Amino acid sequence: MSADGRRFATRAIHAGQEPDAATGSTIPPVYQTSTFTQRGLGDHQGYEYARISNPTRTALEVALASLEGGEGALAYASGMAAISGVVQSLSSGDHVVVGDDLYGGSFRLFSQVMPRFGVECELTNATDLDALRAALRPTTRMIWIETPTNPMLRLIDVAACAEIARGAGARLVVDNTFATPYLQRPLALGADVVVHSTTKYIGGHSDVIGGAVVANDAEWLGELGRLRNTTGAVPGPWDAWLTLRGLKTLAVRMRQHEHNARAVAECLRERAEMARVHYPGFSDHPGHALAAHQMDGFGAMVSVELAGGAAAARALCEGTRVFALGESLGGVESLIGYPWTMSHGAFPEDRRVAMGVHDAVVRLSVGLEDAEDLCEDLVRALEEGVTR
Ligand SMILES: Cc1ncc(COP(=O)(O)O)c(C=O)c1O
C-alpha cells in the first residue's frame, strides 16, 4: 500500500493518470510534440522541449515510481538505455561488482564498453555473499544484480546485498525486469536503484521497447535526468503511452502468467525428456525459501535442461507451435528461446558453461494462453523431437 492508502492494481491504473487538466481526457493523451509554446520568455507550464520532459512520459514515470515505491522514476528508450543511464553516473577509476548471471546485453556493456571509459566491472557469483564481499574494493561504487537471474532463475538476497553495499559506501542496483514491481520491490528491501526493461512484463504486449530507472535519492535522480537530457536516450510519447497502457493490467497479467508458468513447469517435470526443470515456485528449487521471503510470487519464467542434449533442445525450440521461437519475454504470448545462441550468445563459451547456461538449456516465457494448450504444445514438440 502507498502513502495515499491505495493498493497496487489501483495505482497501476490511476497513479500519474489523473484526467488531463486541459481537456478532461480520462486517459493521458499522447503529447506528440517536440516543443511547448511559451507565453513569454521563460513563462511556460513546466514543459519546454520534449527531450527534457513530455507529459505522456511524466505520467508513465509517476506510475512507475508509485509501483516501485520510489521517490521518482525516469523512462528511457530501452532497457539498455536505462542501464547505460545508470552507469553513466560513474567516473573513470570507479569499480562495479556485477552479479555474473545476467542479461547478455548488460554483460556486453560491463565487459566491453565500460572498461574503455576506465570503469572496471568485476563479475561475481552474487548468490555467494562471501564472494560478493571479497570482490569489494575501496573504489567500488555499485553492486549490480538481477534476481531471479536470467536464464537460470537463481535467487539473490536483495536485503543482504543492500547491507553489503551500504557498508562499502556503494549503491545497490537491482534489475527487476523478471520479477516486476508486482512480485518484488527491491527499494523496500534496501536497494538504492531499480532498473527495468519495460519492453518485457511492464509493457506486456511485445509491441514497444522501453526502459526505466526508479530510485529514492531525488538529488541523484536529478543528476541522472540531466545525463539523460544530455545523451538523449528518451522514449517517444507513443512508446510511453503504450507502456503505460500495458502497465495498467500488470497485476492481473502477472497473476495469470504465474498460474500458467506453474502449470507448464509441473507438466514438464513429469517428462522423461527433461533432465531438470528450473522454477523458483518448486519447493526443491535452491532459491525457493528466499523467493518466498523476498517476492510476492515466483514469476513466469521457466528454464529447462533437456536430457537429450543440444539436439533435443534445438528440436524443442523449433517444434512448438503456440510458443513462438523468439528473443524477449514477458509478453502475453508465450515465447521459447535458446540462451546458448540467443540471449546469452554474447558470453564467451566458458562463461556460459560456468553459469550453467549450456547447450541443452531452453528458456520459456510463459504467456497468457490457456495453460492446457501450452502444455499440449510442449508435450507434442517433445514427442516429435524424439521421433525426428
Ligand atoms: C533482465 C534484462 N534486463 C535488461 C534487458 C535489456 O532491455 P531492452 O531489450 O529493453 O533494451 C533485457 C532484455 O532482454 C533483460 O532481459
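Residues numbered from 1 in each chain as written. Predicted model: local features only at pLDDT ≥ 70, side-chain atom pairs only at ≥ 80, totals over all residues. Heavy atoms only, no water.

Hey, could you run me through the side chain of Glu258 in this one?
Topologically, Glu258 is positioned in helix 10 (residues 250-269). Residues within four places of Glu258 in sequence aside, it is in contact with Leu183, Tyr279, Gly297, Phe298, Gly299 and Ala300. (Helix = DSSP H or I, 4+ residues; strand = E, 2+ residues; numbered from the N terminus. Contact = heavy atoms within 4.5 Å.)

Looking at this structure, I do not really get the pairing of strand 1 (residues 72-76). What am I missing?
For a regular strand, side-chain orientation follows a simple rule: the groups alternate between the two sheet faces. Where burial is concerned, most of strand 1 is hidden: five out of the five residues are buried. On strand 1, burial covers both faces: Gly72, Leu74 and Tyr76 on one face and Ala73 and Ala75 on the other are all buried. The pairing of strand 1 with strand 7 (residues 211-215) spans five bridges and is antiparallel. From the neighbouring strand, Gly72 faces strand 7, where its bridge partner is Ala215. (Buried < 20%, exposed > 50% of the residue type's maximum accessible area, 1.4 Å probe, protein only. Pairing = 2+ DSSP bridges.)

What should I look at first to understand helix 6 (residues 158-168) in this one?
Note that an α-helix has 3.6 residues per turn; residues three or four places apart therefore point the same way. Restricting attention to buried positions, one finds in helix 6 the residues Val158, Ala160, Cys161, Ala162, Ile164 and Ala165. Tucked inside the fold, the buried residues of helix 6 contact helix 5 (129-135), strand 4 (140-146), strand 5 (171-175) and helix 11 (288-294). For helix 6, the N-terminal cap is Asp157; the gap from its side-chain oxygen to the backbone nitrogen of Ala159 is 3.3 Å. Within two residues after helix 6, Gly169 carries a phi angle of roughly 70°, on the positive side. (Polar contact = N/O pair within 3.5 Å; in protein donor to acceptor, adjacent residues only side chain to side chain.)

Sorry, what's going on with the layout of surface pockets here?
To locate leftover empty space, one rolls a probe as large as a water molecule over the atoms. Roughly 470 Å³ of internal volume is contained in the largest pocket. Along its surface, the largest pocket is lined by 20 residues, and Asp20, Ala21, Tyr31, Tyr47 and Pro55 are the ones closest to its centre. Taken as a whole, the second largest pocket encloses approximately 360 Å³ of empty space. Along the wall of the second largest pocket there are 22 residues; nearest its centre are Tyr103, Thr177, Ser197, Lys200 and Leu329. For the lining of the second largest pocket, the secondary structure elements donating two or more residues are helix 3 (79-87) and strand 6 (193-197). (1 Å grid on protein atoms, 1.4 Å probe; cavity = no way out; pocket = protein on both sides within 12 Å on 5 of 7 lines; lining within 4 Å. Points joined across faces, edges and corners; volume = space filled by probe spheres on them.)

I keep staring at the packing of aromatic side chains and nothing clicks. Help me out?
Given two aromatic rings, one states the distance between the centres and the angle between the planes to describe the pair. Taken as a whole and judged by the stated rule, the model has six aromatic pairs. Centre to centre, the rings of Phe8 and Tyr182 are 5.3 Å apart; their planes meet at 70°, and the pair counts as edge-to-face. With a gap of 174 residues between them, Phe8 in helix 1 (residues 8-14) and Tyr182 in helix 7 (residues 180-183) connect regions that are remote in the sequence. The burial state of Phe8 is the same as that of Tyr182; both residues are buried. Summarising the aromatic geometry, the rings of Phe110 and Trp144 are spaced 5.1 Å apart at their centres and angled 70° between planes, so their arrangement reads as edge-to-face. Here Phe110, found in helix 4 (residues 104-113), pairs with Trp144, found in strand 4; they are 34 residues apart in sequence, far enough to count as distant. Just as Phe110 is buried, Trp144 falls in that class too. When the ring centre of Tyr76 is taken as reference, the NZ or CZ atom of Arg228 above it lies at 5.7 Å. (Phe/Tyr/Trp six-rings, centres within 6.5 Å; stacked < 30°, edge-to-face > 60°. Lys NZ or Arg CZ within 6 Å of the ring centre and 35° of its normal.)

Help me understand the nonpolar core, please; the structure alone is not making it clear to me.
As a rule of thumb, soluble globular proteins bury nonpolar side chains together. Counting residues in each nonpolar core, the largest one holds 62 residues, and the members touching the most others are Leu247, Leu268, Val302, Leu316, Val362 and Leu364. By residue number, the principal contributor to this core is helix 10, which donates eight residues. Setting aside residues up to four positions removed in sequence, Leu247 forms contacts with Ala12, Leu60, Ala63, Leu64, Leu67, Ile202 and Arg253. (Core = buried A, V, L, I, M, F, W, Y, C linked by side-chain atoms within 4.5 Å.)

What should I look at first to understand a negative patch on the surface in this one?
Side chains of Asp370, Glu372, Asp373 and Glu376 sit close together on the surface and give a patch of like negative charge. One can find Glu372 in helix 14 (residues 371-387). (Patch = residues over 30% accessible without salt bridge, like charges linked within 9 Å, V, L, I, M, F, W, Y side chains within 5 Å. Areas by Shrake-Rupley, 256 points an atom, 1.4 Å probe, with all protein chains shown as cover. Salt bridge = Lys/Arg side-chain N within 4 Å of Asp/Glu carboxyl O. Lys, Arg positive; Asp, Glu negative; His and termini not counted. Charge placed at Lys NZ, Arg CZ, Asp CG, Glu CD.)

Is there a simple way to think about the site of the ligand in this case?
Around the ligand sit 14 residues in total, of which Met80, Asp175, Ser197, Thr199 and Lys200 are the nearest. Asp175 is positioned with one of its side-chain polar atoms (N or O) 2.7 Å from a nitrogen atom of the ligand. Given that more than half its atoms are within 2 Å of the pocket grid, the ligand belongs to the second largest pocket. Looking at the shell around the ligand residue by residue, the classes come out as four nonpolar, seven polar and three charged. (Near = heavy atom within 4 Å. Sits in = over half its atoms within 2 Å of the grid points. Nonpolar A, V, L, I, M, F, W, Y, C, P; charged D, E, K, R; others polar.)

Just checking my understanding: could you explain empty space enclosed by the protein for this structure?
For the structure on display, the rule yields two cavities of 30 Å³ or more. Approximately 50 Å³ is the volume attributed to the largest cavity. Every residue along the wall of the largest cavity is listed here: Pro148, Leu153, Phe178, Ala179, Met295, Phe298, Gly299, Ala300 and Met301. Tallied by class, the residues present in the lining of the largest cavity amount to eight nonpolar, one polar and no charged. Its boundaries defined by the atoms lining it, the second largest cavity holds a volume of some 50 Å³.

When you look at the sheet that holds strand 9 (residues 301-306) in this model, what are you seeing that I'm missing?
Note: strands within a sheet are paired through backbone hydrogen bonds, in either parallel or antiparallel orientation. Sheet architecture is open: five strands sit in the order 8-9-12-11-10, paired in mixed fashion. Each end of this open sheet is capped by a strand with a single partner; those strands are strand 8 (274-278) and strand 10 (324-325). Of the strands in this sheet, strand 8, strand 9 and strand 12 (361-365) touch helix 10, which is tilted by about 160° from strand 8. Contacting strand 8, strand 9, strand 10, strand 11 (335-337) and strand 12, helix 12 (residues 309-319) crosses the sheet at an angle of about 135° to strand 9. (Axes fitted to C-alpha atoms, helices over the stretch in contact; angles between N-to-C directions.)

Sorry if this is basic, but what is going on with the packing of helix 2 (residues 55-68) against helix 9 (residues 237-247) here?
Two measures define how a pair of helices packs: the angle their axes make with one another and the distance between the axes. Axis separation between helix 2 and helix 9 bottoms out at 8 Å; the angle between their running directions is 35°. Pair helix 2 / helix 9 crosses with left-handed handedness. Contacts between helix 2 and helix 9 involve Thr56, Arg57, Ala59, Leu60, Ala63, Leu64 and Leu67 from the former and Pro237, Ala240, Trp241, Thr243, Leu244 and Leu247 from the latter. In the contact of helix 2 with helix 9, the residues fall into ten nonpolar, two polar and one charged. (Left-handed = near helix turned anticlockwise from the far one by under 90°.)

What is the right way to look at helix 10 in this model?
The end-to-end C-alpha separation of helix 10 is 28 Å, in line with the 28 Å expected for 20 residues at 1.5 Å each. Listed in full, the buried residues belonging to helix 10 are Leu250, Ala251, Arg253, Met254, His257, Glu258, Asn260, Ala261, Val264, Ala265, Cys267 and Leu268. (Expected span 1.5 Å × (residues − 1).)

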